[in-house]
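Commentary on secondary and tertiary structure
Spelled out, the chains give:
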Amino acid sequence: MVTNRTFTMLKPDAVEKGHVGAIIEKITASGFRIVAMKLTQMTKADAQEFYAIHKERPFFPELVEYMTRGPIVAAILEKDNAVEDFRTLIGATNPAEAAEGTIRKLYAASIGENAVHGSDSDENAAIEGAFHFSGREMF
Ligand code: UDP
Ligand code: MG
């Protein structure tokens, strides 16, 4: 299923450091339309469910702690080839390996605190978007 939509979170470190405006500007300047957006904070149970695929990984407890320590900006974005193009825009998980000009290269501190989330498939984009937004919040 190709939906042309992806899901993102501007993570707690990006919000804390005041990078929200710059990151949203970069996203919209790259051709993404905002379908849904809000400032919200995940509970521990939310983060454990959202990142359930990583629950056996050694970094999981740290990831849950990080993702719940403050507000995030959650958003659904639309563009042709949204999932792949957004992963290109954010860059590699580890900012040390992220390409020049990518959001993680510009704003991420480490592989853990890496400023932004981007869905890895159309299927997960739909699941993750529905995790954070009701139909009435999508435009
Ligand atoms: N993460 C981490 N240590 C690692 C790998 C990942 O703390 O060695 C965190 C990081 O915040 C990452 C998230 O777990 O964004 C999800 O990992 P994934 O491999 O799915 O990376 P992503 O899809 O976010 O690039
Ligand atoms: Mg991932």
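Just above, that's the structure.
What comes next is a walk through the structure. Every value quoted in this text rests on a predicted model; they were computed, and no experiment measured them.

So, the sheet that holds strand β2 (residues 33-40)
Strand order in the open sheet made by the 4 strands is β2-β3-β1-β4, with antiparallel pairing throughout. The open sheet is flanked by β2 and β4 (116-118), the only strands paired with a single partner. Each strand of the sheet is rotated relative to its neighbour by a mean of 15 degrees, with strand direction disregarded. Each of β1 (5-10), β2, β3 (72-78) and β4 touches helix α7 (residues 122-132); the most contacted strand, β1, lies at about 55 degrees to it.

Some details on helix α5 (residues 82-90)
By the burial criterion, the buried members of α5 are Ala82, Val83, Phe86, Leu89 and Ile90. Each buried residue of α5 sits inside an arc of 125 degrees when the element is viewed along its axis, so together they form one side. For α5, the exposed residues set more than 90 degrees away from the buried face come down to Glu84 and Thr88. Close packing links the buried residues of α5 with β1, α2 (20-29), β3, α6 (103-107), β4 and α7. Of the residues trailing α5, Gly91 is marked for its positive phi of about 85 degrees.

Re unusual backbone geometry
In this structure, Asn81 takes a positive phi of about 60 degrees despite not being glycine. On the basis of relative accessible area, Asn81 is assigned to the partly exposed category, the value being 38%.

A few points about the site of ligand 1
By nearness alone, every residue bordering ligand 1 is listed as Lys11, Tyr51, His54, Phe59, Leu63, Arg87, Thr93, Arg104, Ile111, Gly112 and Asn114. Here an oxygen atom of ligand 1 sits 2.8 Å away from a polar atom, N or O, in the side chain of Arg87. Between ligand 1 and the protein, one listed contact pairs an oxygen atom with a side-chain N or O atom of Thr93 at 2.5 Å. In the complex, the protein chains occlude 80% of the 500 Å² of accessible area that ligand 1 would expose alone. At a threshold of 2 Å from the grid points, most atoms of ligand 1 map onto the largest pocket. Within the shell around ligand 1, the residues separate by chemical class into 4 nonpolar, 4 polar and 3 charged.

The rules we used
Residues numbered from 1 in each chain as written. Chains lettered and ligands numbered in written order. Predicted model: local features only at pLDDT ≥ 70, side-chain atom pairs only at ≥ 80, totals over all residues. Heavy atoms only, no water. Pairing = 2+ DSSP bridges. Helix = DSSP H or I, 4+ residues; strand = E, 2+ residues; numbered from the N terminus. Axes fitted to C-alpha atoms, helices over the stretch in contact; angles between N-to-C directions. Contact = heavy atoms within 4.5 Å. Buried < 20%, exposed > 50% of the residue type's maximum accessible area, 1.4 Å probe, protein only. Arc of directions from axis to C-beta. Near = heavy atom within 4 Å. Polar contact = N/O pair within 3.5 Å; in protein donor to acceptor, adjacent residues only side chain to side chain. Areas by Shrake-Rupley, 256 points an atom, 1.4 Å probe, with all protein chains shown as cover. 1 Å grid on protein atoms, 1.4 Å probe; cavity = no way out; pocket = protein on both sides within 12 Å on 5 of 7 lines; lining within 4 Å. Sits in = over half its atoms within 2 Å of the grid points. Nonpolar A, V, L, I, M, F, W, Y, C, P; charged D, E, K, R; others polar.

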